[in-house]
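Below, each chain spelled out in residue letters.
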Amino acid sequence: MKYVDEFRDGELARGMARRLAKIVRPDRDYRFMEFCGGHTHAISRYGLEDLLPTNVRMIHGPGCPVCVLPIGRIDAAIELARKPEIILCTYADLMRVPASGGDSLLKAKAAGADIRMVYSTLDALRIAETEPQRQVVFFAIGFETTTPPTALAIRLAARKQLSNFSVFCNHVLTPAAMRAILTSKDDRVELDGFVGPSHVSAVIGVTPYRFVATEFEKPLVVTGFEPLDVMQAIVMLTTQVNEGRCEIENQYGRAVSPQGNLKAQAEIADIFDLRESFEWRGLGEVPASALRLRETYAQFDAERRFAVETPVARDNPACECGAILRGAKRPHDCKLFGTVCTPETPIGSCMVSSEGACAAQWTYRRFDEPTREERMAS
Ligand code: SF4
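Residues numbered from 1 in each chain as written. Predicted model: local features only at pLDDT ≥ 70, side-chain atom pairs only at ≥ 80, totals over all residues. Heavy atoms only, no water.

Student: Even after reading the chapter, I still don't get the pairing of strand β3 (residues 86-90), so can you show me in this structure?
Tutor: Residues in a regular strand point their side chains to alternate faces of the sheet. Within β3, five of the five residues are buried, leaving the element largely enclosed by the surrounding structure. Residues I86, L88 and T90 point to one face of β3 and I87 and C89 to the other, with burial holding for every one of them. As paired elements, β3 and strand β5 (residues 135-142) share four bridges and run parallel to each other. Across the sheet, the residue bridging to L88 is V137, located in β5. By the bridge criterion, three bridges tie β3 to strand β4 (residues 115-117) in an arrangement that is parallel. Bridge pairing in β4 links C89 to R116. Between β3 and its parallel partner β4, the chain crosses via helix α5 (residues 105-110), and the hand of that crossover is right-handed. (Buried < 20%, exposed > 50% of the residue type's maximum accessible area, 1.4 Å probe, protein only. Helix = DSSP H or I, 4+ residues; strand = E, 2+ residues; numbered from the N terminus. Pairing = 2+ DSSP bridges. Right-handed = clockwise from strand over helix to strand, strands pointing away.)

What follows is the structure in structure tokens.
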């Protein structure tokens, strides 16, 4: 397949690994965070860590929207769905995320709540049009990638004067999370650079990451999801570190332009406003890190229409999702990984979403192999 097969060539990947082995300095470590869960997935799926020199370490970041959503927001969505007049529409990967007291959207649905899995925001709009006697709430989550479709649904609902459609908005922002990681006071991870997200960057471009280089003196390389993309990004980051450069580079020029998608950005800016602060699992309250609907579109805001309260809720104390999302721990560090917690019996969100670090490592059986630390010690 064009733009796929040529980026999965094993011999080219091994060639890049040989090149990387030549350029890494033996007297230092390199710690790069792949922000995005899609990259975490690609790294596990293609076994890329096995191709890296032992002093190049990849650290998983918080770029999995299902994983970073705090339990209180899931509890609030379940509360909404239990109202008899409401149909809650959601993407499938939210259904099994554990909520408080062992609850989940799936369990709430089994107990009678009208929760429907949809493939797009337009599916939710269609339900609102065909069932005008019910209130349809779209449970919107995701980074800048999934925000434009939500904006489009709100614009269409306004145009069609749909009074029974609203959005429970949980859209979050990538640059704010990167800043939170770089300024975290608790167990801050030492990083030498970021592998920057692909799809998010197709929307926002590369300029919003500039502060990573100018304020924090870290390089960042925006890259695609294929294995050769990721390998090339690691080579580019290593080269920058060796040369003492801190620049924002774009390896993914086939999909990401420097300015991003201006039309999508204008749509987002028209419909959404910045929240002062938003809670992230693992990062806590992060200023200016999420969106809400502007006053102009307040009638489509489910939080205002149904006076939604977000309860304070705690993760299972044995679950290490928070530390994993900060990059401070790895799935293997969790005592529940692969024993009590598996994709069939998830205890934390990182085991539910396909982009979660725990699910990625479980799915590709990376836990069967010696860890990098064990390989380095032997
Ligand atoms: S293995 Fe399960 S319990 Fe442990 S951190 Fe991952 S999701 Fe949480």
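Student: Is there a simple way to think about the sheet that holds β5 in this case?
Tutor: In sheet architecture, strand pairing relies on hydrogen bonds along the backbone and comes in two forms, parallel and antiparallel. Pairing within the open sheet is parallel, and its four strands lie in the order β4-β3-β5-β6. Each edge of the open sheet carries a strand with a single partner, namely β4 and β6 (165-171). Strand-to-strand, the axes of this sheet are offset by a mean angle of 25°, without reference to chain direction. Contacts between helix α7 (residues 147-159) and the sheet are confined to β5 and β6, with β6 contributing the most and set at about 160° to the helix. (Axes fitted to C-alpha atoms, helices over the stretch in contact; angles between N-to-C directions. Contact = heavy atoms within 4.5 Å.)

Student: Quick question: what am I supposed to make of the state of the cysteines here?
Tutor: Linking two cysteines covalently via their sulfur atoms produces the bond known as a disulfide. What the rule picks out here adds up to one disulfide. For C64, the disulfide goes to C67, at an S-S distance of 2.3 Å. Measuring handedness by torsion sign, the sulfur bridge of C64 and C67 sits at about 70° and is right-handed. Summarising the burial analysis for this pair, C64 and C67 share the class buried. No disulfide involves C89; its nearest neighbouring cysteine sulfur is the one of C169, lying 16 Å away. (Disulfide = S-S within 2.5 Å.)

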